[in-house]
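# Remarks on the overall topology
Single-letter residue listing:
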Amino acid sequence: MSDDFGRQPPRRRVPGPARPERSARPVGRRRPGPGARPARRPAAPRPAAPKTIRLGSPRPRLRLVGLALTLVLAAFVVRLLQVQAVDASTYAAKAEQNRYVGYTLAAERGGITDRDGVALATSEDAYDITADPTLFSREELKIDDGPEQAAALLAPILGQDQEAIVKKLRPKDKKLRYALLANRQTPQVWKQIKDLKSALAAKSGTDPGTANVLAGVLSVPTTKRVYPNGDLAAGILGWVNADGKGGGGVEQQLNSLLAGKDGKIRYAQSGGRQVPTVGSTETPAVPGSDVELTIDRDIQWAAQQAITEQVKESKADRGYVIVQDTQTGQVLAMANSPGFDPNDLSKASSVNMGNAALQDAYEPGSTAKVMSMAAVLEQGVATPLTHVIVPNRLHRGDRLFKDDIDHETWYLTLNGVLAKSSNIGTILATGQLGKTQAQANQVLYSYLHKFGLGRYSGLDFPGETPGILAKPADWSTSQQYTIPFGQGVSLNAMQAASVYSTIANGGVRVEPTLVRGTKGPDGRFTPAAKPKETRVVSAKTAKTLARMLESVVDDEEGTGTKARIPGYRVAGKTGTANRVDPATGKYKGYTSSFAGFAPADKPRITVYCAIQNATSGSYFGGQICGPVYKQVMEFALKTLQVPPTGAKAPKLPVTYTP
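Residues numbered from 1 in each chain as written. Predicted model: local features only at pLDDT ≥ 70, side-chain atom pairs only at ≥ 80, totals over all residues. Heavy atoms only, no water.

Looking at an unreviewed UniProt entry, one finds the protein chain named Penicillin-binding protein 2, with Streptomyces doebereineriae as its source organism. Entered under Sequence similarities (unreviewed entry) in the UniProt record, the comment concerning the protein chain runs "Belongs to the transpeptidase family." (UniProt positions renumbered as here; feature names shortened; annotations may be inferred.)

### Comments concerning the overall build of the protein chain
Of the regular secondary structure elements, the protein chain holds 20 helices and 24 strands. Among the 658 residues that make up the protein chain, the fraction classed as buried is 45%. Taking as baseline every contact in the protein chain between residues at least 6 positions apart, the subset at least 24 positions apart corresponds to 72%. Surface accessibility of the protein chain: about 35,600 Å² in total, with carbon and sulfur atoms responsible for 52%. (Helix = DSSP H or I, 4+ residues; strand = E, 2+ residues; numbered from the N terminus. Buried < 20%, exposed > 50% of the residue type's maximum accessible area, 1.4 Å probe, protein only. Contact = heavy atoms within 4.5 Å. Areas by Shrake-Rupley, 256 points an atom, 1.4 Å probe, with all protein chains shown as cover.)

### Here we look at a nonpolar patch on the surface
A contiguous nonpolar patch, built from Leu64, Leu67 and Leu71 and spanning about 330 Å² of accessible area, is present on the exposed surface. Among the secondary structure elements, Leu71 is positioned in helix H1 (residues 59-86). (Patch = residues over 30% accessible without salt bridge, like charges linked within 9 Å, V, L, I, M, F, W, Y side chains within 5 Å. Salt bridge = Lys/Arg side-chain N within 4 Å of Asp/Glu carboxyl O.)

### Quick look at the packing of helix H4 (residues 146-158) against helix H5 (residues 162-169)
Orientation of H4 relative to H5, taken along the N-to-C sense of each, is 130°, at an axis distance of 8 Å. The angle between H4 and H5 places the two elements in the oblique class. The crossing of H4 and H5 is right-handed. On H5, the residues that touch Pro147, Glu148, Ala150, Ala151, Ala152, Leu154, Ala155 and Leu158 of H4 are Gln162, Ile165, Val166 and Leu169. Looking at the contact of H4 with H5 residue by residue, the class counts come to ten nonpolar, one polar and one charged. (Axes fitted to C-alpha atoms, helices over the stretch in contact; angles between N-to-C directions. Parallel < 35°, antiparallel > 145°, perpendicular 65-115°, else oblique. Left-handed = near helix turned anticlockwise from the far one by under 90°. Nonpolar A, V, L, I, M, F, W, Y, C, P; charged D, E, K, R; others polar.)

### What to know about the packing of aromatic side chains
Here the structure, examined in full by the defined rule, presents nine aromatic pairs. Taking 5.8 Å as the distance between ring centres and 85° as the angle between the ring planes, the aromatic pair formed by Tyr411 and Tyr656 counts as edge-to-face. Taken together, the positions of Tyr411 in strand S17 (residues 410-413) and Tyr656 in the segment after helix H20 (626-639) put the pair 245 residues apart, joining distant regions of the chain. Taking relative accessible area as the criterion, Tyr656 reaches 16% and is therefore assigned buried. Ring geometry for Tyr619 versus Phe620: centroids 4.8 Å apart, planes at 25°, classification stacked. The partly exposed category is assigned to Tyr619, whose relative accessible area is 27%. When its relative accessible area of 35% is taken as the criterion, Phe620 is described as partly exposed. (Phe/Tyr/Trp six-rings, centres within 6.5 Å; stacked < 30°, edge-to-face > 60°.)

### Section: a negative patch on the surface
Together, Glu108, Glu124, Asp125 and Asp290 make up a region of like negative charge exposed at the surface. Looking at where Asp290 falls in the secondary structure, it is placed in strand S11 (residues 290-293). (Lys, Arg positive; Asp, Glu negative; His and termini not counted. Charge placed at Lys NZ, Arg CZ, Asp CG, Glu CD.)

### Some details on empty space enclosed by the protein
In total, this model carries three cavities of 30 Å³ or more according to the counting rule given. Size it by volume and the largest cavity reaches roughly 60 Å³. Broken down by secondary-structure element, the contributors of at least two residues to the lining of the largest cavity are helix H7 (234-237), helix H10 (297-314) and strand S13 (331-337). Broken down by element, the residue count for the lining of the largest cavity peaks at three residues, all from S13. Tallied by class, the residues present in the lining of the largest cavity amount to five nonpolar, seven polar and one charged. (1 Å grid on protein atoms, 1.4 Å probe; cavity = no way out; pocket = protein on both sides within 12 Å on 5 of 7 lines; lining within 4 Å. Points joined across faces, edges and corners; volume = space filled by probe spheres on them.)

### Points about the environment of Asn578
With respect to the helices and strands, the residue Asn578 is situated in strand S22 (residues 571-580). Assessed through its relative accessible area of 37%, Asn578 is described here as partly exposed. Sequence separation between Asn578 and Tyr590 is twelve residues; the distance between their C-alpha atoms is 4.7 Å. Asn578 has contacts with Glu363, Gln487, Tyr587, Gly589 and Tyr590, leaving out every residue within four places of it along the chain.

### Side note on the pattern of salt bridges
Scanning the entire structure with this criterion turns up 18 salt bridges. Across the salt bridge formed by Asp132 and Arg177, the nearest N and O atoms sit 2.6 Å from each other. Here Asp132, found in the loop between strand S3 (119-131) and helix H3 (138-141), pairs with Arg177, found in the loop between H5 and strand S4 (179-185); they are 45 residues apart in sequence, far enough to count as distant. Note that Glu148 and Arg170 form a salt bridge whose closest N and O atoms lie 2.5 Å from each other. Pair noted here: Glu148 is in helix H4 and Arg170 is in the loop between H5 and S4, with a separation of 22 residues, a long-range link. Given a relative accessible area of 28%, Glu148 falls into the partly exposed group. Among the charged side chains, a network of salt bridges with common partners joins Arg109, Arg225 and Glu251.

### As for the packing of helix H12 (residues 369-379) against helix H15 (residues 437-450)
At their nearest, the axes of H12 and H15 sit 9 Å apart, and the two run at 115° to each other. Crossing of H12 over H15 shows right-handed handedness. Residue-level contacts link Met371, Ser372, Ala375, Glu378 and Gln379 of H12 to Val443, Leu444, Tyr447 and Leu448 of H15. In the contact of H12 with H15, the residues fall into six nonpolar, two polar and one charged.

### Considering the nonpolar core
In terms of nonpolar packing, the biggest core is built from 91 residues, with Leu293 and Met334 touching the most fellow members. No other element matches the eight residues that helix H17 (residues 493-504) contributes to this core. Not counting chain neighbours up to four residues away, the residues in contact with Leu293 comprise Ile112, Thr113, Asp114, Arg115, Leu120, Ile236, Leu237, Val250, Leu514, Val515 and Arg516. Counting residues in hydrophobic clusters, the runner-up holds 32 residues, among them Ile299, Ala306, Ala333 and Ala636. (Core = buried A, V, L, I, M, F, W, Y, C linked by side-chain atoms within 4.5 Å.)

Here's what the structure looks like:
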């Protein structure tokens with residue numbers, strides 16, 4: 001033990017294990033001398049170690065991989081810089097274009113009603129069936145015949161040809177993203193398509209091998225024009241074409257008011273569906289204004305029924321009836337036969353799709369004699385009692401004139417000339433309008449023009465004809481004598497009705513009107529502008545003419561006895577004129593007509609009827625149009641609650657004794 005605290009004692013050397021004895025030294029080896037190191041004994045032979053393969057150094061390979069990754073990352077960085085910095089605006093625009101879809105929001109079209117607010121034309125909810133053609137590509141559906149499969153499903157629902165749908169779903173422009181498959185379809189049609197889409201979507205969700213070929217079919221809410229009364233007043237209303245614009249009648253005339261202003265919507269979409277979480281921009285549509293017509297639906301119905309039945313019975317080409325308020329000029333009915341149903345234009349004949357009462361120009365015949373008599377009375381060259389000797393034939397110019405029937409010499413008053421509708425008597429009376437025939441022609445022309453012939457009626461209706469009234473200098477030799485009794489001049493039915501309304505209104509012509517006013521989206525009603533008024537003849541002349549027209553109906557020798565209405569005083573005039581065939585331009589058949597007003601002593605309503613080319617039964621105006629006049633006038637008087645005046649009609653003589 002050491003005396004020093006903390007010092008360790010020296011280690012004791014432990015002897016190792018005993019070495020084995022060395023073998024005998026080999027012979028011939030020198031024994032080492034003094035100081036020499038003892039020779040080592042040869043080591044025992046060791047077993048051979050297994051041979052190992054040393055791997056090459058991984059550093060070159062790591063360097064190569066690192067370089068490759070660096071190049072790839074560098075390419076990504078360069079591309080990202082290009083996309084996000086250099087071409088950012090271009091790609092953003094493309095993404096915006098592909099992501100967002102814009103549609104037009106169709107404005108709700110204004111309704112059309114009669115004078116009492118009864119709907120004549122209205123709009124109902126509908127859908128435009130559209131598609132995004134890019135969603136039918138192989139890239140989207142993973143099939144080659146996506147458009148064909150979709151078309152096979154849609155064709156029976158839309159009632160269209162399958163090939164036509166395929167062409168829309170596979171357009172030549174591969175980037176086209178909008179195709180209109182069908183417009184203004186009912187909600188039921190869209191529901192069928194939507195149910196099919198849902199069924200296919202559910203099936204494709206459970207069966208990855210099934211493609212939803214209707215995923216790209218979309219809908220745009222819109223409206224469909226509906227005419228609840230079918231063909232009633234179709235000639236007035238017109239129709240709306242496939243583009244949603246008025247194609248005729250009031251629909252066309254007032255299209256800008258009725259149509260309103262379309263809006264726009266733009267929203268994000270994915271897979272043919274709107275993305276609700278992404279904001280959309282919308283410009284609301286402004287609804288169109290409602291239009292209130294002067295038409296009375298019930299009177300329109302009565303007029304349409306009456307003329308349709310008579311045209312059918314007479315096997316005529318067509319016919320028209322106009323009912324007008326004599327004081328205001330408002331048209332209460334304007335019926336045409338044959339007509340059409342604007343709800344189904346596929347079955348309509350193009351010949352009947354207009355408004356023949358305004359578009360047909362024809363020679364009126366004897367109903368025009370009232371204007372000749374108005375000129376004679378207003379000029380003071382004769383009175384209702386003036387004697388007129390009417391021979392069987394009258395030679396004027398280059399021809400002989402006659403009346404509708406052969407007769408011995410008639411001794412008529414001027415009132416009798418109108419009552420018996422004598423052509424010869426009318427020629428003789430109007431010949432007194434001037435010292436020469438040329439002067440008489442000029443005077444007669446001025447009155448015809450003031451009554452509204454040769455110019456538009458004032459309705460501003462699409463397709464209306466102003467008729468034909470040549471200048472007096474252009475009248476042929478025969479026209480100088482035929483125009484006074486309604487041949488050689490043409491007009492439309494509205495013009496003819498307006499002539500009688502002018503007489504009924506005390507000699508003041510009020511331009512006819514079809515529109516009472518409009519009601520805007522704000523609900524405010526704006527009345528139509530007051531129609532233009534023109535004094536044509538004096539009130540005295542108009543009153544005298546009314547009394548003369550009563551003789552046509554009341555007197556047994558008159559031609560309009562079939563137009564009598566029990567309890568009412570009726571003023572009217574028959575007409576039977578040679579008709580110009582529109583197809584050949586030559587005279588063929590007749591225009592039959594009757595015009596008048598009631599009560600004759602306190603006029604309220606004018607009714608005019610004309611039938612073209614009656615081929616069965618009578619063709620005289622008094623025989624086939626007189627009954628129509630009576631039927632329609634009776635209904636209108638009762639509908640408007642116009643009472644009889646109770647006064648007795650004064651009897652004006654028709655003939656005199658020479």
